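Chain by chain, the residues:
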Amino acid sequence: MTKTTIPVHLDINGDRHTLQLEPRVTLLDALRDRLGLTGTKKGCDHGQCGACTVHVDGERVLACLTLAAQAEGRTVTTIEGLAREGELHPVQAAFLEQDAFQCGYCTPGQIMSAVACIREGHAGSDEEIREYMAGNLCRCGAYPHIVAAVRQAALEVQS
Amino acid sequence: MKNFDYIRPTTIPDALAAAAEPGSAYLAGGTNLLDLMKGGVTSPDRVVDISRLPELNRIERLADGGLRIGALVRNADLAHDPEFARSYPAVAEALLSGASAQLRNAATVGGNLLQRTRCSYFYDTASACNKREPGAGCDALGGENRLHAVLGWSDACIATHPSDFCVPLVALDAVVEIEGKKGRRHVTLEEFHRLPGQTPQRENGLEPGDLIVGVRLPAEAASFSANARYLKVRERTSYAFAVVSAAAALVVEGGKIRQARLALGGVAAKPWRARSAEAVLLGADADETSFVRAADAALADASPSGDNAFKIELTRRIVVRALMSALAGTPGRLPALPASPFSSIPGVRHDA
């Protein structure tokens, strides 16, 4: 049995990387520990909190339950890749404006999830926003402001 | 997590060959497997990543009116497929009531069938668990077991199967397509999952190396589309496994029940088809009196496996309410909270 490292090619926020990784390395650990992209947070590391939410091929998934090898050849976007030329993404701006966080640890995951939630068309009502953002926990309990930020950003994106 | 060899085959025969070696595990979405591997509950030597097998991610209409869902179709893609949701609304509702949007974007049809129980003693390697380590004993018996099984359990194991998706599927006579050493075979979902008996480690009909390649729904499954619901009680509003759930599907003509399907979730080691309840419903008046009799029949053999007697009465009430919801008709648009008792569905009581 050969338990060595394997080459993994990753496309992160438009930059290509080739990493030599043990197969067991998750996308989350590769981002944080190998590429220094620490915006994506490790909360529970078991798929229960949503802090590690990133986009793979434009869709939100949990980086803690994805092997880096599974992301090979896919396009990965993290919180660091959201702003364009120094301009905050509308969801980032809405989170600031609505004061949608306290400690901020869950915020990158909340924002990545919210961007996808709006794109999927699941931000039509507060009830729908709450349901489709249910995979992102906020232990500070900033939920009312998070819902307000998603609602505001959804309206801005539509207009 | 223990390290492993990683193989990414490009054809089904290559996948079967790669997984023929003992200690192999197939990886699809990974939403359950990687979690189990992190906890040391499962420790494969070889991970066979099937997620890019091209022929397994299609939804196909069959010539006989049935539907074939490839094993790698993701939960979100299936639930949001408009034609699928129209034809099998209770299945779409069950899918959308499970996990979170992120997990549904990764989790697959085949993986959903094979997900392991969420019994906390199974996950805790310091606890005795006959499913994880045959013969070790069961710490759930006499432990924290208020969410454990009330049907079909044994002294060896009182765990439940956590799937939502499988509940309406088993009600609709779904069939599992399996590719193995001897070729392809079909097994009904009802037969696929097993009750624990004295061998709780044997959870389903797969042999080592077998690969689920698809799930079929027979043509008849779409005939319930006007009156089919899934109802799920959780300990919080969303993003939680079922305490109990029920899928109900009816065909009603002139106030009489012409066809009835009922299955329960969160109550047993398998998605539980309530055939005795269906027999009560067939030909009966489509009203609450019949539904209460059906619920009594469905739970007639139930018994608490610990501190969970409340689940029997709760399931009875959820069965009645799921049948009332099905009778009221499939809503044109799914509620914002799919399968939730807290959804505002006209005509449905909120005190089930």
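Let me sum up the structure you'll find in this document. Quick caveat, the model's predicted, so the values are computed rather than measured.

**Examining the overall build of chain A**
1) Next: Of the regular secondary structure elements, chain A holds 5 helices and 5 strands.
2) Next: A globule of 159 residues ought to have a C-alpha radius of gyration of about 15 Å, and chain A, at 16 Å, matches this closely.
3) Next: In terms of principal-axis extent, the alpha carbons of chain A reach across some 55 × 30 × 25 Å.
4) Next: In chain A, which comprises 159 residues, the share counted as buried stands at 47%.
5) Next: A separation of at least 24 residues holds for 59% of the contacts in chain A among residues at least 6 apart in sequence.

**Observations regarding the packing of helix H12 (residues 288-298) of chain B against helix H13 (residues 310-328) of chain B**
Relative orientation and spacing of two packed helices are given, respectively, by the angle between their axes and the distance between those axes.
All names here are of chain B.
1) Next: For the pair H12 and H13, the least separation of the axes is 9 Å and the interaxial angle reads 140 degrees. As summarised for this structure, H12 and H13 are arranged oblique, according to the angle between their axes. Seen along the crossing, H12 lies across H13 with a hand that is right-handed. Residues Glu288, Phe291, Val292, Ala294, Ala295, Asp296 and Ala298 of H12 form the contact with H13, whose participating residues are Arg316, Val319, Val320, Leu323 and Met324.

**Looking at the interface of chain B and chain A**
1) Next: In this assembly, 24 residues from chain B lie in contact with 30 residues from chain A.
2) Next: Contributing elements (two or more residues each) for the side of chain B that touches chain A: strand E1 (5-7), helix H2 (33-38), strand E3 (46-49) and helix H6 (101-104) of chain B.
3) Next: Residue composition of the side of chain B that touches chain A, grouped by class: 11 nonpolar, 8 polar and 5 charged.

**Observations regarding the environment of Cys52(A)**
1) Next: For Cys52(A), the position within the fold is in the loop between helix H1 (27-34) and strand E3 (53-56).
2) Next: Contact partners of Cys52(A), with chain neighbours within four places excluded, come to Leu28(A), Thr40(A), Lys41(A), Lys42(A), Gly43(A), Leu62(A), Ala63(A), Cys64(A) and Gly109(A).

**Observations regarding the environment of Ile257(B)**
1) Next: The residue Ile257(B) is located in strand E11 (residues 256-265) in this model.
2) Next: Residues Ile257(B) and Asp285(B) lie 28 residues apart in sequence; the distance between their C-alpha atoms is 6.2 Å.

**Describing the sheet that holds E11(B)**
Residues and elements named next belong to chain B.
1) Next: Pairing is antiparallel across the open sheet formed by 4 strands, whose spatial order is E9-E10-E11-E12. Bordering the open sheet on either side are strand E9 (228-233) and strand E12 (272-273), each of which pairs with just one other strand.
2) Next: The strands touched by helix H5 (residues 89-96) are E9 and strand E10 (244-253); relative to E9, the strand with the most contacts, the crossing angle is about 25 degrees.
3) Next: Seen against the sheet, H13 touches E9, E10 and E11 and runs at an angle of roughly 35 degrees to E10.

**Side note on the sheet that holds strand E4 (residues 59-62) of chain A**
Residues and elements named next belong to chain A.
1) Next: Taken in spatial order, the 5 strands make up an open sheet running E2-E1-E5-E3-E4, and their pairing is mixed. Each of the sheet's edge strands pairs with one partner strand only, and the pair in question is strand E2 (15-21) and E4. When strand polarity is set aside, the average angle formed by the axes of neighbouring strands in this sheet is 40 degrees.
2) Next: Sheet topology note: the strand E1 (residues 6-12)/strand E5 (residues 75-77) ladder contains 2 bridges and is parallel. If you follow Ile12 over to E5, its bridge partner there is Val76.
3) Next: Of the strands in this sheet, E3 and E4 are in contact with helix H3 (residues 107-120), which crosses E3 at around 40 degrees.

**Some remarks on the pairing of E3(B)**
Residue and element names in this part refer to chain B.
1) Next: Sheet topology places E1 next to E3; 3 bridges connect them, and they run parallel. Across the sheet, residue Ile7 finds its bridge partner in E3, namely Val48.
2) Next: Looking at chain direction, strand E2 (residues 24-27) and E3 are connected through 4 bridges and run parallel. Note on E3: the bridge partner recorded for Ala25 is Val47.
3) Next: Since E2 and E3 lie parallel, the crossover through H2 that links them has a hand, and here it is right-handed.

**Regarding H12(B)**
Structurally, the α-helix is built with 3.6 residues per turn, so residues lying three or four positions apart point the same way.
Residue and element names in this part refer to chain B.
1) Next: Every buried residue of H12 is accounted for by Ser290, Phe291, Ala294, Ala295 and Ala298. The buried residues of H12 occupy one face: seen down the axis, they fall within an arc of 140 degrees.
2) Next: Where H12 is buried, its residues touch E11, helix H11 (275-281) and H13.

**Structural notes on the pairing of E2(A)**
A regular strand places its side chains on the two faces of the sheet in alternate fashion.
All names here are of chain A.
1) Next: Note that E1 and E2 share 7 bridges and pair antiparallel. Opposite Ile6, over in E2, you have Leu21 as the bridge partner.
2) Next: In sequence, E1 turns back onto E2 through a hairpin of 2 residues, with Asn13 there showing a positive phi of about 50 degrees.

Criteria and thresholds
- Residues numbered from 1 in each chain as written.
- Chains lettered and ligands numbered in written order.
- Predicted model: local features only at pLDDT ≥ 70, side-chain atom pairs only at ≥ 80, totals over all residues.
- Helix = DSSP H or I, 4+ residues; strand = E, 2+ residues; numbered from the N terminus.
- Rg over C-alpha atoms; globule rule 2.2 N^0.38 Å.
- Buried ≥ 20, exposed ≤ 12 C-beta atoms within 10 Å, placed from the backbone.
- Contact = placed C-beta atoms within 7 Å.
- Axes fitted to C-alpha atoms, helices over the stretch in contact; angles between N-to-C directions.
- Parallel < 35°, antiparallel > 145°, perpendicular 65-115°, else oblique.
- Left-handed = near helix turned anticlockwise from the far one by under 90°.
- Nonpolar A, V, L, I, M, F, W, Y, C, P; charged D, E, K, R; others polar.
- Pairing = 2+ DSSP bridges.
- Right-handed = clockwise from strand over helix to strand, strands pointing away.
- Arc of directions from axis to C-beta.

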